[in-house]
Amino acid sequence: YPSRGHNNCIMTSKYNIITFLPVNLFEQFQEVANTYFLFLLILQLIPQISSLSWFTTIVPLVLVLSITAVKDATDDYFRHKSDNQVNNRQSQVLINGILQKEKWMNVRVGDIIKLENNQFVAADLLLLSSSEPHGLCYIETAELDGETNMKVRQSLSVTSELGDPNHLAQFDGEVVCEPPNNKLDRFCGTLYWRECKYGLSNQNMLLRGCVLRNTESCYGLVIFAGPDTKLMQNSGRTKFKRTSIDRLMNTLVLWIFGFLVCMGVILAIGNAVWEREVGFLFQSYLPWDPPVDNFLFSAFLSFWSYVIILNTVVPISLYVSVEVIRLCHSYFINWDRRMFCNRSSTPAEARSTTLNEELGQVEYIFSDKTGTLTQNIMTFNNSISAYDILALSQRAQPLDFSTWNPLADRDFCFYDASLLEAVKVGEPAVHEFFRVLSLCHTVMSEEKSEGELVYKAQSPDEGALVTAARNFGFVFRSRTPSTITTQELGKAVTYTLLAILDFNNIRKRMSVIVRTPEGRIRLYCKGADTVLFERLHSCSHDVMNITSDHLNEYAGDGLRTLALAYRDLSEEQWAEWAERYRGADKAIDCREDRLAAAYEEIEQDLMLLGATAIEDKLQEGVAETIAILSLANIKIWVLTGDKQETAVNIGYSCKMLTDDTTEVFIVNGHTVQSVREDLRLVCHPFICPQIQFHAINRMMESARTRDGGKEVETQWGGASPPTSVLESISGEFALVISGHSLAHALEADMEQEFLETACACRAVICCRVTPLQKAMVVELVKRHKNAVTLAIGDGANDVSMIKTAHIGVGISGQEGIQAVLASDYSFSQFRFLQRLLLVHGRWSYLRMCRFLCYFFYKNFAFTMVHFWFGFFCGFSAQTVYDQYFITLYNIVYTSLPVLAMGIFDQDVPEQRSLEYPKLYEPGQLNLLFNKREFFICIAQGIYTSVVLFFIPYGVLSQATQSNGVPLADYQTFAVTTATALVIVVSVQISLDTGYWTAINHFFVWGSVGAYFTILFTMHSSVLFNIFPKQFHFLGSSQNTLAQPVVWLTIALATVICIAPVLAFRFLKLDLKPQLSDTVRYTQLVQQKKWKPALGRLGRGGSRRSGYAFAHQEGFGELITSGKNMRLSSLALATFASRHSASWIDTLRKKKHNPHICMFSPCLRGFPPGSPVSSHSPQTCSQANWTCYTAPRCV
Amino acid sequence: MKSEGEFVNQPDNTAFTQQRLPAWQPMLSAGIVIPLFTLIGLAFIGIGVALFITSQNIKVQELDYTGTATSSPCFQCSGLSIQNCTCERNFSLSELFEGPVFFYYGLSNYYQNYRQYGVSKDDYQLSGDTTYFLKPQSYCSPYQYSNNKPIVPCGSIANSMFNDTFRLYLLVNGSRKQVPFDGKGIAWWTDYNIKYRNPSPVNGSFAAAFDGTTKPVNWQKSAYELDPTDQANNGFLNQDFLVWMRRAALPNFRKLYGRITGGDYSQGLPAGNYTLQISYNYPVLSFGGTKKVVFSNVSWMGGKNQFLGIAYLVIGSLCVVMAIVMLIVYAKYKFPDNDDA
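Residues numbered from 1 in each chain as written. Chains lettered and ligands numbered in written order. Predicted model: local features only at pLDDT ≥ 70, side-chain atom pairs only at ≥ 80, totals over all residues. Heavy atoms only, no water.

In the nomenclature of an unreviewed UniProt entry, chain B is known as Cell cycle control protein of Pygocentrus nattereri. Regarding chain B, the UniProt comment filed under Subcellular location (unreviewed entry) reads as follows: "Membrane". The Sequence similarities (unreviewed entry) comment attached to chain B in UniProt states, word for word, "Belongs to the CDC50/LEM3 family." (UniProt positions renumbered as here; feature names shortened; annotations may be inferred.)

In the nomenclature of an unreviewed UniProt entry, chain A corresponds to Phospholipid-transporting ATPase from the organism Pygocentrus nattereri. Here chain A is described in UniProt, under the heading Catalytic activity (unreviewed entry), as follows: "ATP + H2O + phospholipidSide 1 = ADP + phosphate + phospholipidSide 2." What the UniProt record of chain A gives under Cofactor (unreviewed entry) is the line "Mg(2+)".

See the structure below:
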């Protein structure tokens, strides 16, 4: 059989042993800096130009290249290892009709493989058959898209009949499908089999990375393998993120290049003049070199010679040092025990080692809600029965349910013993209360062995409620399409399920109608309090009032509340309604509207039973973290896919919104116009509270029309521009905007307005946003605010925003690992963010800035001496120092102390930076290293070089040794200047180092020691005797450094260089102390403790109603259709066929329609609502990816 | 409570990994900086005064003999074509020029520090390696070969060796009495003993070692006959040659020619009238240079050096002034106490 495609081997590594050297070198020389130094090296090989020996450049270059190469090699080794691990996983492949074990890498396109429960899917498969009825199988796509809920996949009905391997071996269909792509939720293709065409959709596909769940086994045909799979296509090259310091550094290096060229030109002109005026005449002693016949040519050569000499202003070791520092900072993050989560045993991880200092500059945080702020674990917190108010009692021992209820879930924690007592006593209302919880839901149960129940809930809320009922003795045990079996206080009861009135977002409630064993018909309903209270029977109004008060209380604590009610139905009522219900159900047009109307009809005159409160558990320390981060002037925006109420509730419970918040603006418009108006409404109180809204609106309108969208402030009588006004009065307002409004707000003409409004608010919550919108919001801020953004999230829906933001942080928590994989930093608790930013980020930024300042300074101080010397040596590119000194200066004498400072320096201890979040501000304002600071460093460097040249010049030109020998010879001058330089820069680093660990001491003293050791060694007779040509500085150091005059010169130069810096710093400390100085001062001098600047975090108590339904619509129908029941338990499900397969369509449409509209260009042009499942080859015009399939023959 | 192995991934709890290394955290407090400045200032002023006074006590006598001015005694020698010219300069000392007196020649506008000049020598030749006698290294170009014969010592530095010679006479009762220059030990010890080596004599003859080579173009004598009076002072170990080969860092420089230590002059040069006889060989006017001779004595800190003393005084005073300013600032804007927090 023809062309089989790829095998399933994946390769994420870049090199192998043979290709490593050439490929890695090629990549490294794509760096401009490295190429530049290679170019210098070539220049140095030209004898007429070479002003320095070749080794002055090659030694640092080789060092830099090899450090980078070692790092790349290590990275690649780990990639090889993980590739191998994945490639060698086992799978079962159908070969010649027999199942055989094969490694994943040997699986090929066209193979049929068997998957068993809880196995990873090895490649993108077309589901052929499954052990479950109707060819269904369940998968979990956590690794793929981060969603933990199960998804249903169904095979084509024709192939689902191929149950056993023998039949499958005969399968010889042909699949034509789209080329490999990265769209996880779309697939279109056609299966040609037995002269028939069958459309294939995503519903038939099992993608690599999914896990098979609740399905014994299934068979699939490999469609895409290895690099073609959607998982691999998605994990494409991540965009390389650069920090703002990186960009600044690149700019500065370019400027330095420019500076270098300028210096070269100046010196070349000098050379031309000199050669014409002096050199030409001086030829009697120094003839021009053969190629030089006039001063212009000499100047030309001199230019290049000076480019070589002055190249040390462009520091070759800068990039590699920065990398080393960042790497160490990353390790500090990895090693931090305070960012280690005991519960999940995961340390924090810096997955990207290039962004550390940007952590110290974050201004905007975009946070996901579920799983990030909250734990995504719902706990049944409290309940209020209508007749007996059960208040939350003292937090004592958790109740032990298992003693009286063998079916209790051990993980369930509840603290109020009185409720349990009420159940035991037999309070009927309480019993009814829990009965609702045990009956009215769409949870599926699985009883693996007697008493071991596992609930599969669509939403964690539901699971929590059913579990609560279970622990109070109302155990939901199993269900069939028409019955629900529970165990009420140890007694098995079977209810006949008459109807499920399913949940949807508009109804905000769900009901079941059951026939009790006694024969009564009852409707149980649960739903949002606001919705339910409208439908209560008049006699329960008193109860409602009491309940309402308590609901407010719970909502104030950030709990999600839900009201429960019931209604007794007579047989006639039921029969009458059932008729109408069936009619609505069968309706072809407006089925949903009619159903809703039917539901509405029956859900009336309800009797309130009580309410539940569910805690959407915040992660530990979220509120404190948010408070501290806001004090650090970081703006936090919550972007969530959740509903508005939930989002606002969480906003309150994590103290983003407080009662101090003057107003929460909710923008919830569906049209462009309404969104615009909403936004203006928000703007209005900011800009000018006195003026009538309409007047403002008109003014803005007119200004806008006149100035093309730009607001003109003169209209308001010379007030400052709107942005500053908006920002100056921020702090009291909050903005809540929903996804559909956001879609309009993000359009080009409104985004500026939206951004200004949002930035003026203290808190911004975007709810119901799609992953793409999350990324767009981040992009918007990134583009317009010129601020560093950080996105934090845990699910696959956050991946796009994590990738878009400057820094992406993944929470390694409940949902999958997609977010972590896409992130730059990952840890398991939101509260670690404060430590990451305020401690690690702040330090990294501080260290990096100090490092860069010093680095540029020392190179300028070092190099510019040559420039001044140029004026005294006929611009001949004569170096001041010995060439060995030039080689070693950057890599030995001065590299380690500054590296140690860049790695270990601390200005204030970590607990102080958490206590004073304001310490974070210099980073946001980019105060510590910017162009101004750079010029100050450069100026200081140049000043130092002037001193270092002219002081020895002034002293030595006249001085003699005490034996009369003049000191003005070149070698003495070189040694004096070099020694003075090393001492000056060492004193300077000592001043810059604020945190002297033993390592700093060792490096600083060691460097000075190394300088003198190497100096004396190089100038010793031993080395000279071995290499007489190389070490012609013989004896200079001994001769020079024995002279008191030389030491007096060095001392003088040092004091002149350092004293102004010292004085300036002292005066600055006195006159304009930074907060960090103050903190440090009190810390170090006074040793007196300051109270934390934080106010007490009080709990708000305003009324907010929340409700707890967070699950999908459509599962009620799934249950009653019986499609998801095992055949064994479906014996009496005769009506299963009644519903056709429409439920699965409903489900799919609900879930995937928005995505499909958004991501699939090939579906454009089709009217909305056209069935997604009916992909035909025409739909996907680019369908040219063909693979043939047949039983595998070896 | 929790067993050891429970947190396998937990990072080590060491001072290093947790960034809690014990550290000294100095701070620029007034208690350190102001006394430091005062101390440095006072120390510098002290050193400066000492240096200045020492320097004042050192005598220097400079005589320019370039001969640019027509009135100058060496004017007649300064012409380019004139050879073997001798001129005399008279000077008088009113008091004793305390010894030991050093005699220097000085050149200005002379670029010994030019890069190509500096490399124009053959280190192997100079360390006595005779294989390089016949094949000088190319650095020496254009003073590598002369008339197809290799030059020893080759290169620009050697070729441009200063070749004026001086004789000093003290006028005693109308007659001249020569003051001897001691030209020994004026080069660096390392240069004379390690760095430069003469070739081993061939068949007992030192000159034979130079067979097949020629002297530098500008030289009047070959390397092996530089000092006819002292056989040991020849070749590459000639003191004047060594002094010349140690090139100057700056275009205006002076080099040691000899000491006046011997006999009657061990106390120095007595007051009186002197005549300096110069055999004027070295042309400098062509490139606008000047030549001079310098008599100087030295102290513990070397020769006369006004600059260092003045610089120390100035910097020391500035430090003291700075300390006072800082004290005032400190008193006025006291560092914010924690009371106002």
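Trainee: Explain a nonpolar patch on the surface here, please?
Mentor: All names here are of chain A. On the surface, Val261, Val265, Ile269 and Val273 cluster together to form a nonpolar patch covering roughly 320 Å² of accessible area. Considering the arrangement of structural elements, one finds Val261 in helix α8 (residues 244–279). Among the residues examined, Val261 registers a relative accessible area of 41% and is labelled partly exposed. (Patch = residues over 30% accessible without salt bridge, like charges linked within 9 Å, V, L, I, M, F, W, Y side chains within 5 Å. Areas by Shrake-Rupley, 256 points an atom, 1.4 Å probe, with all protein chains shown as cover. Salt bridge = Lys/Arg side-chain N within 4 Å of Asp/Glu carboxyl O. Helix = DSSP H or I, 4+ residues; strand = E, 2+ residues; numbered from the N terminus. Buried < 20%, exposed > 50% of the residue type's maximum accessible area, 1.4 Å probe, protein only.)

Trainee: I would appreciate a short explanation of the sheet that holds strand β10 (residues 205–206) of chain A in the present structure.
Mentor: Residue and element names in this part refer to chain A. One open sheet accounts for 6 strands, arranged β2-β1-β3-β12-β4-β10; its pairing is antiparallel. Edge positions in the open sheet fall to β2 (98–103) and β10, since each of these has one partner strand only. Where strand β1 (residues 90–95) meets β2, 6 bridges bridge the pair, whose relative direction is antiparallel. Bridge pairing in β2 links Leu94 to Leu99. (Pairing = 2+ DSSP bridges.)

Trainee: How should the pattern of salt bridges be read in this particular structure?
Mentor: Two side chains bearing opposite charge may form a pair once their charged atoms approach each other closely. Residues and elements named next belong to chain A. All chains considered together, the criterion is met by 41 salt bridges over all chains. For Arg326, the salt bridge is made with Asp246, and the minimal N-O distance between the two is 3.2 Å. Of the two residues, Arg326 is situated in helix α10 (residues 317–335) and Asp246 in helix α8; the sequence distance between them amounts to 80 residues. The same class applies to Arg326 and to Asp246, which are both buried. The shortest N-O distance in the salt bridge between Arg535 and Glu534 comes to 3.6 Å.

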